[in-house]
Structure formats: structure tokens, C-alpha cells
Amino acid sequence: MKLLSRILPLLCLTALAGLISCKKDKFTPITTPPVGLGGDNSPKTAIDSFIYDSLTVPYNVAVYYKWLPGELDFPSDITPPDEAKVIPMCKALLNVAYAPYNKITGSTLFLRKYLPKVLELAGSAEYLANGAIFLGQAEGGTAMLLYMVNSFSRQTADSNTFKQTMHTMHHEFGHILHQNIYYPVAYKTISTGYTGNWYNVPDATARQSGFITAYAESAPDEDFVEMISSMLAGGPNGPSGGYDEYEQLLVQAGGPGSVGYETIKRKEAIVVSYFASAWNIDFYALRAICRSSFVNYLQ
Amino acid sequence: MKKTFLYILAVMTIGAGCRKTYNDTIQGQTPDQRVSAALAAYQKKLTAAPYGWIFLESTTGIAYNQGVSATGPQITLAYYMQFTDSGRVSMISDFDPSMAATPKTSSYNVKELTRPALIFDTYSYLHVPCDPDPNVSHSPFGFGYGWGTDFEFSFSDSVAATALGDTIQLIGNLNSAQGMLIKATQAQQTAYLGGNVLNLFTGLGNLNNILQYFKRLSLGGVSYEIRINAINRTVTFTWIDGSGNIRTATVSYYILGTGIQFSSPIVNGSQTITGIDNLAWNAGSSTLTVSIGGQSGTITGANAPLAVNAGAAAAWYQAANANNTYWYSVNGYHINGVDNAYRVDTLTGRDTANNVLPYYYMIYFPNFNPGIDFFGPIFINNARTGLDLVWGWGGGFAAQTDGHGVFSISYTFGTPPSTGGGFQSAQQLVNGGGYYFVNTGPKTYDMVNKTDARIWISWTLAL
């Protein structure tokens, strides 16, 4: 304490001296803002206008379709989207994934509030060392990443690719929803046997053990959103197959009375009641609109 | 003592506070001002080339994904690029004939990363060899890897942007591919926009009109054997030098609007070959005329190698034998210009439960049984989890002192059919006085029929 009382006046003196001597120092005024502040300033194209009018104004969503270094997993080999695919991809999202939510909730307000504010598009998938690929990612309710934009097509012949995109979209939006309001924990105890080696399990086998897809077997959160996306994005099988109608998946699970079927049905019940209680959404009605939107959108 | 120390400290502090020379600028410019001036200068440099740029990209043979590297062939790709002020770039590429004549426009950005960077930020021809999807890039590096090329580059010259000349050095941020922008001339632009890269692709394809395996270039009285590997983008020259020694050189090639260029020249005494141009097919004589450095040359088919590698046949056999493995060929025999001439892909086998098994590839397995080599197809098992041998032929191989090798067949495995592609392949194996062996890579050989060089099969070592 004694020491401090001696130092204090000294410090004051020092500070004062500093001020006096620095009086004449001139700091260069900043006339140029920091480079890159506020994002890239590349010239606007028709794609940028479309995104602004169709997604930014109504939904408050920014779309990053140009390659932003470090924005995606680094150092991974991922390519940016082909410009020609950006608007078709956005239109498909608007018509097949967003419109049903608007219709069921009565306005764009629900999506405007809960859609992640950043939608990132990548042209290729992200290839993982275990042989699996990322089709999409959701980050803490703030950003959603859709891969494989370059494979997008609305042709009936490519309906598998289309359904895969919608499946990814509903999957990631499902994450956003449960990151805002958590689903009943009882869901987590319906199945046991979640495994990191899900990619070694064929989908059909996973269904027989009560998981709607192999990926659902990876963790309860993934299980929950795979249920949502499989029910909302499944549709009539085109020539390329895959992402079949939910009823068909239940048949693969083993049909009524089987372990697979009954387990998936219990999960379905929780999903439906979660949508009703947490979001006041009639899930079956939403599903009906999603299906008709998808079928009508195919060319 | 303590007090003295404090006084010293105080004096020092005051002294430091009085230093008036502190300045956060260089020549009156803040860091942000300097960065934006540098970016503007790079941008201006790119758009100021009246006839555009030629962009050469050379890989290191290493590609990264998920922070894990994979190795593969080193390649050099050539592009023609025109940059506009509005952030657009249009380009032509020599990666594939489909990209060689029609320019594709996409966006680019010059921005500040840890170094000033040139980023091709939407999909273009440049991204195709980067694509992790093997169905797009056709990369041999494996699932999830492109060719080790880049689309995000740092400017790597050690001079200021304003001091850059007619070449600009770049280095890829993910795979460290070396990029070089070279200001194009009007003649180069005309050649590119006139579709000459596609013409050169076609000219190169005309080499396949020569049905013999061996292609002989004659230039100024000197003969070279040339072999193109269109997948790895290399050309191999073999010749006999002034002292009578066999010389071989393999170089990467890339296609400019003004000709096919080699990554390094082929030097044979006073003759230096840096590339090939004007490849014209002459149907009457079944030859290809070319120009090389202003000199005219001719490429013709040959029935035997320029120089037989005396140890090749024995080395081929031993490579598999020593490792207790086998050589495989997916397409089987190439005959008279036709790949997979015996359609071995249609062969089937049956397992003990009589399930039909699909073809996987043809194999030659030295000492499959002690003293007996196996030749025949191998099938995918019914569970699709492994491979099954169902039928084939047993025999032997004898390497000859002059470098060729002769096969014999004296046994059967299972019940091989007496017609069809498998049977024809076995007959071909023992036909025509044996085969020459050409080592085409670390684990690959081509085996060319000795009496008819229009017949060959390409082997890869299963390791």
C-alpha cells in the first residue's frame, strides 16, 4: 500500500508528461475504409438482383454463391457453383421448399424469422475421408450450406438429384427449428444403436432397425431431422430412383408390426406433435403441400 | 534503491512519450490505402492486356482434400483468358476438346487475403480439373481429389503490382499449383478465338489413325519413337543418340492456340524439340505431317520398336511374380484401332450356386499354381464384396534374349468356353511369335504383338 501511494503520483506525472509531449503528434485521418469492409464489392449481375428481390427483401436472407476463401471447410477440395445453376436452384427452393411453409403459416413471416440469414451455395459436394460426402450443413441457426448446386436439375429424369436437394434443405431447416426449440427428449430414447459408422449401413438395413435413413443412425439430432426431411422431400420415384415416398420407406422398414416400422412410426408421432406444439404447424398438411409442389415443379 | 529504480522508470516513460517520430503510414499512405491501391493496380494490370492473357498452370503432383494429401501425375494446363472491369473473365482451356473452342464466361475477384489474391469465384473451365467429383474431373488422384490444380491464387511476384511486366506469377492457395499469366499477342488471341486449340486436339487424335502401336517421327534425318499418354498429358520420346545409346525422355505437354508445347525441350545433340504444330493427316500415305520449330517432320507407323529393351519381357514377368500378384487389363486387347476388340466386358461366369457373375478384368497371374501361370477373366462375386476366379487357362512364359516374350497354354482352369472374347483372348496370347513389352509407367506395361503391331494389350500391376 505504501509503495502504491508513492507510485501513484509518479504515474500521474508520467501521464501528464506524456500528454504534453504528444500534443503535436498527428495521426493520419482514415479516408479509406478498411479493404473489404461490408463484404465484396463486385459489380452486380442479374443473379445478384434476383437474389436481392426474391430472397433478401422477402426473407432477409443473403446468398453467398461466389467462392469466399475460408468460408467453407478449409483445406478441402470444394468448387464454387456454376452461375447458370444459381437462379434455378434458388427458384426451386422458393417454390418447393419455402412456398409450402408460407402457405401453411399464412405468410412469409415464419420463414423470415427462422430461415438462417445466410445461404451458402457450393458447386460440388464436400468429400470426407471416410468415403461419405456432405450435401448440406446448418450452423447454429445462422447459416445454411447447400452443396452440389452444379448437379441441380428439375427434369423428371433427374428427380433423384432434385429430391436430394430438397431433402438437404428440409434436413438443414429441421436443424434450425430444433436449434431454436428443442424436440422432446423422449425422442432420443426411442432408438438405441446410434453409430459413427452409419456410412457402412445401407439405407434399407437402417430402416429395418428403425432408422429412416442410414444417416439417421449417426445421432438423435440427425435422426430427428432425417425424419422431417424424408417425410417432406420424399416423392414418387423417377427413373433415377432414391428418396422414395415415405410410405415406400415404411414398407422397406418391414411394414406394420415389424420393429423397424413401429419404431419409425413412434418417431413420426413425435415429429408431428413437435410441429403442432412448438410451431403450431399441421405437419401432415405441410407434407401434402410439399408433395404436390414437388410433383408440379418437375419438368 | 526502490526509489531510484522508480525515478529511472519515470524518466524513461517520459522520454518515450516525447518521441514525436511515430508514423503509421508509408509515404503518407495508411495500410488500407496501400492495400486498396495495390488491389486496384493488380485489377488494372489484368484488364489492361488488349489481347488477353495466356495462363499456364503446373501442378506439383500433390492434391489436398480435408487436409490430407494424395499424389498423382504432374500436369501443365494452358488457358486463354480475358478479364473485364466488371469482374468477368472469359476463357478457353486445353483440358478437354469440349472447352477448347467455345469461351465460357464466369466471375473473378481480386481481393486481399494474407496476400493479394486472384480468385476465380464461380465455376469455369478452370474448376473442372479441381472438381472433387471423379466423374467430372476424371482425376486419377482418387475420390474427393481433383488434379492438384487451384482456382484461388496468391500473387507471388516480389515486386509491387505497378512494377509487374508482361508475366505475372501466381501460386495456388490450396494445392500450391504454379500459375503464370503471360500477356497474349494479337496473333495468339486470333489463334485461340479461331478455335485452333480444338484443331490441335483433332491433330493429336489423328495419331490414332496410325494403327500400329509404334509411331515413328522422322525429323531432319533423325528418327524418334513417340508415345502420347493423353490422360496424364505426357509425350515420351525414344531415340538412339550419337554414341549409339538408347535415350528416353518423358515430358508434359500443353496446348496453346499456336501449337502443342512441351514443359521442357527434348534435346538430342544439335536437335532441340520444344513442341509440335500443324499436325495434318495424310490419308493416302497414312502418315501425319507436323512442323517442329519451323522444320517439317513426318510421323508414320512402325511394326517394331526403334530399339528393343532387352530386359523388358523378363522385368514385366518378374514385377508380378516377385510380389506374388498379377497384371490386369480392363479392356483386354486393342486390335486394328478398336479398343476392347474382344468385348471382354461382356464375359460372364457362374458361381457354384449358378449365379451369373459380371466381368471385372482380365488378369495374367505368374505362378498362380507353382509352375503354372493363370490367364483369363476375373469376376465380381455374387455378394459384390470380392472377386472370383471361375475359368481360365494355365501356361507359361519365356522371356527371349532379344527382349520379346513368348506365352504358352497347356492347362485349363474350370471350364473355359471354346468361343467368345475370353477364348479369343487366350488364342491371341499364344499367337504370332510373342510380344514386345513397353514400360509405360511405374506399374504399367503395354504388350505389343511381334508379328502385328496393330495388336496390343495394356497391363497394370495389381498392388
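Here we look at the overall build of chain B
In step 1: Looking only at helices and strands, chain B has seven helices and 30 strands in total.
In step 2: Over its C-alpha atoms chain B spans a radius of gyration of 29 Å, topping by over 25% the 23 Å that the globule rule assigns to 463 residues.
In step 3: Oriented by its inertia axes, the alpha-carbon framework of chain B measures out at about 100 × 65 × 45 Å.
In step 4: In chain B, which comprises 463 residues, the share counted as buried stands at 38%.
In step 5: The contacts of chain B with a sequence gap of at least 6 include a subset with a gap of at least 24, amounting to 51%.

Focus: the domain arrangement of chain B
Residues and elements named next belong to chain B.
In step 1: When cut into domains, chain B gives domain 1 (31-194), domain 2 (198-302) and domain 3 (312-461).
In step 2: Distance from the C-alpha centre of domain 2 to the C-alpha centre of domain 3: 31 Å.
In step 3: The partner domain 3 presents seven residues to the six residues of domain 2 that form the contact.
In step 4: Looking at the side of domain 2 that touches domain 3, its residues break down into four nonpolar, two polar and no charged.

Here we look at the sheet that holds strand 18 (residues 287-292) of chain B
Sheet strands pair via backbone hydrogen bonds, and the direction of the pair is either parallel or antiparallel.
All names here are of chain B.
In step 1: Reading around the circumference, 12-13-14-15-16-17-18-19 is the order of the eight strands in this closed barrel, with antiparallel pairing throughout. Sheet twist, expressed as the average angle between the axes of neighbouring strands with direction ignored, equals 35°.
In step 2: Examined bridge by bridge, strand 13 (residues 222-229) and strand 14 (residues 234-240) share five bridges and lie antiparallel to one another. The residue bridging Asn229 from the neighbouring strand is Thr234, located in strand 14.
In step 3: Running over the sheet, helix 5 (residues 196-205) touches strand 13, strand 15 (246-256), strand 16 (259-268) and strand 17 (271-282) and is turned about 85° from strand 17.

What about the sheet that holds strand 4 (residues 76-83) of chain B?
Residue and element names in this part refer to chain B.
In step 1: Pairing is antiparallel in the open sheet, where nine strands are placed in the order 6-5-4-1-11-10-9-8-7. Bordering the open sheet on either side are strand 6 (104-107) and strand 7 (109-112), each of which pairs with just one other strand. Averaged over all pairs of adjacent strands, the angle between their axes in this sheet comes to 30°, without regard to strand direction.
In step 2: Two strands pair when backbone bridges link them, and strand 7 and strand 8 (residues 116-119) are joined in this way by four bridges, in the antiparallel orientation. Looking at the pairing, Lys111 lines up with Ala117 of strand 8.

A look at the environment of Leu146(A)
Residues and elements named next belong to chain A.
In step 1: Summarising the element assignment, Leu146 is placed in strand 6 (residues 143-146).
In step 2: Here Leu146 falls in the buried class, since 21 other C-beta atoms lie within 10 Å of it.
In step 3: Here the alpha-carbon distance between Leu146 and Glu226, two residues 80 residues apart in the chain, equals 16 Å.
In step 4: Those residues in contact with Leu146 that sit more than four places away from it in its chain are Leu121, Gly136, Thr165, Thr168 and Met169.

Observations regarding the packing of helix 5 (residues 159-180) of chain A against helix 7 (residues 220-233) of chain A
Residues and elements named next belong to chain A.
In step 1: At a closest axis distance of 8 Å, the pairing of helix 5 and helix 7 adopts a crossing angle of 135°. The pairing of helix 5 with helix 7 is recorded here as oblique in orientation. Seen from above, helix 5 lies across helix 7 with right-handed handedness. Of the residues in helix 7, those touching helix 5 at Lys163, Met166, His167, His170, His171, Gly174, His175 and His178 are Asp221, Phe224, Val225, Glu226, Ile228, Ser229, Leu232 and Ala233.

Brief notes about the confidence of the model for chain A
As a note on interpretation, predicted positions should not be read in detail where pLDDT is low.
In step 1: Put simply, chain A has an average pLDDT of 84, and 86% of its residues get 70 or more.
In step 2: Ranking the elements of chain A by mean pLDDT puts helix 1 (residues 2-22) of chain A last, at 54, and helix 2 (residues 46-59) of chain A first, at 94.

As for unusual backbone geometry
All names here are of chain B.
In step 1: Phi at His138 is positive, roughly 50°, even though this residue is not glycine.
In step 2: In this fold, His138 is placed in the loop between helix 3 (134-137) and strand 9 (152-155).
In step 3: Judged by C-beta crowding, with 15 C-beta atoms within 10 Å, His138 ranks as partly exposed.
In step 4: Although it is not a glycine, Asn340 sits at a positive phi angle of roughly 50°.

The rules we used
Residues numbered from 1 in each chain as written. Chains lettered and ligands numbered in written order. Predicted model: local features only at pLDDT ≥ 70, side-chain atom pairs only at ≥ 80, totals over all residues. Helix = DSSP H or I, 4+ residues; strand = E, 2+ residues; numbered from the N terminus. Rg over C-alpha atoms; globule rule 2.2 N^0.38 Å. Buried ≥ 20, exposed ≤ 12 C-beta atoms within 10 Å, placed from the backbone. Contact = placed C-beta atoms within 7 Å. Domains from an automatic or database assignment. Nonpolar A, V, L, I, M, F, W, Y, C, P; charged D, E, K, R; others polar. Pairing = 2+ DSSP bridges. Axes fitted to C-alpha atoms, helices over the stretch in contact; angles between N-to-C directions. Parallel < 35°, antiparallel > 145°, perpendicular 65-115°, else oblique. Left-handed = near helix turned anticlockwise from the far one by under 90°. pLDDT = per-residue confidence, 0-100.

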